[in-house]
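Structural overview for review
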Amino acid sequence: LKNSAGDFIRGGDLYFLDGISGGSGFILPGETIAAHACFTCEEALLTEEWASVNFGTSLVDATDRWDYFTEVEASGVNVSFDGDSPIFDVSGTVKNNSGLALQRISIRIFVFDQEGNLVGAAESSAWDVGAGATVSFNGYGIGQAPDGPTTIEVTALGVNY
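The present account deals with the structure reproduced in this document. (Residues numbered from 1 in each chain as written. Predicted model: local features only at pLDDT ≥ 70, side-chain atom pairs only at ≥ 80, totals over all residues. Heavy atoms only, no water.)

1. A short note on the pairing of strand β7 (residues 118-129)
If a strand is regular, its side chains alternate between the two faces of the sheet. With nine of 12 residues buried, β7 is to be regarded as a mostly interior element. Where strand β6 (residues 102-112) and β7 come together, 10 bridges link them in antiparallel fashion. If you follow Ile109 over to β7, its bridge partner there is Ala122. Linking two consecutive strands that pair antiparallel, namely β6 and β7, is a turn of five residues; a positive phi of about 90 degrees is found at Gly116 within it. Relative to strand β8 (residues 134-143), β7 runs antiparallel, the two being bridged by four bridges. Note on β8: the bridge partner recorded for Ala121 is Ile142. Counting the residues between successive antiparallel strands, the hairpin from β7 to β8 contains four residues, one of them, Gly132, with a positive phi of roughly 80 degrees. (Buried < 20%, exposed > 50% of the residue type's maximum accessible area, 1.4 Å probe, protein only. Helix = DSSP H or I, 4+ residues; strand = E, 2+ residues; numbered from the N terminus. Pairing = 2+ DSSP bridges.)

Right, here's the structure in full:
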């Protein structure tokens, strides 16, 4: 974070809701995932106003780090906001269409308002999913309940570590 003069105020790491890397950010080509940072979590409140945010990246090719599988699909996904809470619930099922048991399937959910603006993001996981199996998942996301209807975008990725 920088103030209006461009001076550094505070830094923080982004936490990626990829469900695979433990927050470090595992992204396939053409894929979108959500990330968030808290500049006051476990730190004192900011004493001056911030005016801008600069992002720096460090990219590493993780192609051979894990065995990942795209032969998974989520269905029946439900998103449930509770008033003004910034936390919302997600649930649904996910199917392992691969021929192998998967240690984890990560389900990533984006929520958009009726104008198409992003209003929330969630990640949930299903663990130890056998080949051909369908299992339920439950999780939560971060966002704000919009006025009016929402649409969702759901992706899933399987992994064996």
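2. Digging into the environment of Phe8
Here Phe8 shows up in the segment before β1 (15-16). Between the C-alpha atom of Phe8 and that of Val53, which follows or precedes it by 45 residues, the distance is 9.5 Å. Not counting chain neighbours up to four residues away, the residues in contact with Phe8 comprise Leu1 and Lys2. (Contact = heavy atoms within 4.5 Å.)

3. Focus on empty space enclosed by the protein
Counting across every chain of the model gives one cavity of 30 Å³ or more. Of the volumes computed, that of the largest cavity is approximately 30 Å³. In this structure, the largest cavity is lined by Leu17, Ile33, Ala34, Arg108, Ile109, Phe110, Ala121 and Ala122. Listed by contribution, the elements that provide at least two residues to the lining of the largest cavity are β6 and β7. The element best represented in the lining of the largest cavity is β6, accounting for three residues. The class makeup of the residues in the lining of the largest cavity is seven nonpolar, no polar and one charged. (1 Å grid on protein atoms, 1.4 Å probe; cavity = no way out; pocket = protein on both sides within 12 Å on 5 of 7 lines; lining within 4 Å. Points joined across faces, edges and corners; volume = space filled by probe spheres on them. Nonpolar A, V, L, I, M, F, W, Y, C, P; charged D, E, K, R; others polar.)

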